[in-house]
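Observations on chain architecture
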Amino acid sequence: KNQVEQSPQSLIILEGKNCTLQCNYTVSPFSNLRWYKQDTGRGPVSLTIMTFSENTKSNGRYTATLDADTKQSSLHITASQLSDSASYICVVSASNMLTFGGGTRLMVKP
Amino acid sequence: DTGVSQNPRHKITKRGQNVTFRCDPISEHNRLYWYRQTLGQGPEFLTYFQNEAQLEKSRLLSDRFSAERPKGSFSTLEIQRTEQGDSAMYLCASRGPGGRDEQYFGPGTRLTVT
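Predicted model only: the values in this text are computed from it and were never measured.

Turning our attention to the overall build of chain A. The secondary structure content of chain A amounts to zero helices and 11 strands. Reading the helices (α) and strands (β) of chain A from amino to carboxyl end gives β-β-β-β-β-β-β-β-β-β-β. Here the C-alpha atoms of chain A give a radius of gyration of 13 Å, agreeing with the 13 Å that 2.2 N^0.38 yields for 110 residues. Along the three orthogonal principal directions, the C-alpha set of chain A runs to about 40 × 25 × 20 Å.

Below you can see the structure in the form of C-alpha cells.
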C-alpha cells in the first residue's frame, strides 16, 4: 500500500528560527515528490516539486531535499516568519495519482 | 482570478439532507480531482476526471456520493442523505495535459453536517 508518513505532527518555533520537517514514503512507482503549504481553511499551495533525479530544490526560504534510495525527503525553512504558520504536506506522485502525508502543523510564535 | 474556484466555501446542513458542491477548474485544464480532508489529516483522493470521463473512483466514494463533469468543464460533487461523518473539507484540484502533473487546488468547501 502506498503511504506517506510525516514527522513531527506539530511543531512550535520562535520567529527567526530554522526548522526541518521530515517525510518518509513507500510509493511505487515513484514519479515525483512535492511539498505543499496549506493555510487554515484554504487549499494546498505547491512549494517545491522534485523528480527522482533531483535531490534538492529551493523556493525562497524553503529548501526541500530528496533521497530516493532511502525514500526520505525533508523541508527546511530558514529564518521563519509568522506567515509560515501553516500545515506542510508531503505528497508523492505515482501513476497520475497523489498520495498525501498527514501534514506537519507548524506554528511560528513572535 | 484564473485559479481553481469552488462554491460554496462553507455549507452547513442537517443530517439526511442532500448537498451539491461545484468546482470550476483552470480553463485549459482537462483533468479534475476531488479530495476530502478531515481536520488534522492530509487530503484523501475521492475521484478523478479526464475531460468528461470519470476515470477513477476511490473506495471512499460510497453510493451516496456522485460526481459529474458535463462537457469536461466544471464539476459537481453531490452527497445524498448526508451523515455527520461526511463533515470535512472537500477540495478540488485541476491539472493540465502533459507537464509534471502539477495539480492546482481550489480553496475548498467546508461541509458541516449537524
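Next up on the list: the interface of chain A and chain B. It is common to give the size of an interface as the accessible area lost on bringing the parts into contact. Contact residues are listed per partner, giving 23 residues for chain A and 22 residues for chain B. Taking both sides of the interface into account, the surface hidden between chain A and chain B amounts to around 1,600 Å²; carbon and sulfur atoms contribute 46%. In this structure, the connection of chain A to chain B is made through one salt bridge. For B:Glu102, the salt bridge identified is with A:Arg34, shortest N-O distance 3.5 Å. Summed over the shared surface of chain A and chain B, the number is five residue pairs in polar contact (both at pLDDT 80 or more). Elements with a minimum of two residues in the side of chain A that touches chain B: β4 (32-38), β5 (45-51), β9 (86-94) and β10 (97-100) of chain A. Among the residues making up the side of chain A that touches chain B, the classes are represented as eight nonpolar, 11 polar and four charged.

The next point concerns the nonpolar core. Within the largest apolar cluster, 24 residues are counted, with the highest numbers of intra-cluster contacts made by A:Val4, A:Tyr25, A:Leu33, A:Trp35, A:Leu75, A:Tyr88 and A:Leu106. The set of elements that each furnish at least two residues to this core consists of β3 (19-26), β4, β5, β7 (62-67), β8 (72-77), β9 and β11 (104-109) of chain A. Take this core: its biggest share by element is five residues, from β9(A). Filtering out sequence-adjacent residues up to four positions away, A:Tyr88 remains in contact with A:Gln6, A:Leu21, A:Trp35, A:Tyr36, A:Lys37, A:Leu47, A:Tyr62, A:Leu75, A:Ile77, A:Gly103, A:Thr104 and A:Leu106. By size, the runner-up hydrophobic cluster in this structure holds 19 residues, among which are B:Phe21, B:Trp34, B:Leu46 and B:Tyr90.

Parameters at a glance
Residues numbered from 1 in each chain as written. Chains lettered and ligands numbered in written order. Predicted model: local features only at pLDDT ≥ 70, side-chain atom pairs only at ≥ 80, totals over all residues. Heavy atoms only, no water. Helix = DSSP H or I, 4+ residues; strand = E, 2+ residues; numbered from the N terminus. Rg over C-alpha atoms; globule rule 2.2 N^0.38 Å. Contact = heavy atoms within 4.5 Å. Buried area = accessible area lost by both parts, 1.4 Å probe. Salt bridge = Lys/Arg side-chain N within 4 Å of Asp/Glu carboxyl O. Polar contact = N/O pair within 3.5 Å; in protein donor to acceptor, adjacent residues only side chain to side chain. Nonpolar A, V, L, I, M, F, W, Y, C, P; charged D, E, K, R; others polar. Core = buried A, V, L, I, M, F, W, Y, C linked by side-chain atoms within 4.5 Å. Buried < 20%, exposed > 50% of the residue type's maximum accessible area, 1.4 Å probe, protein only.

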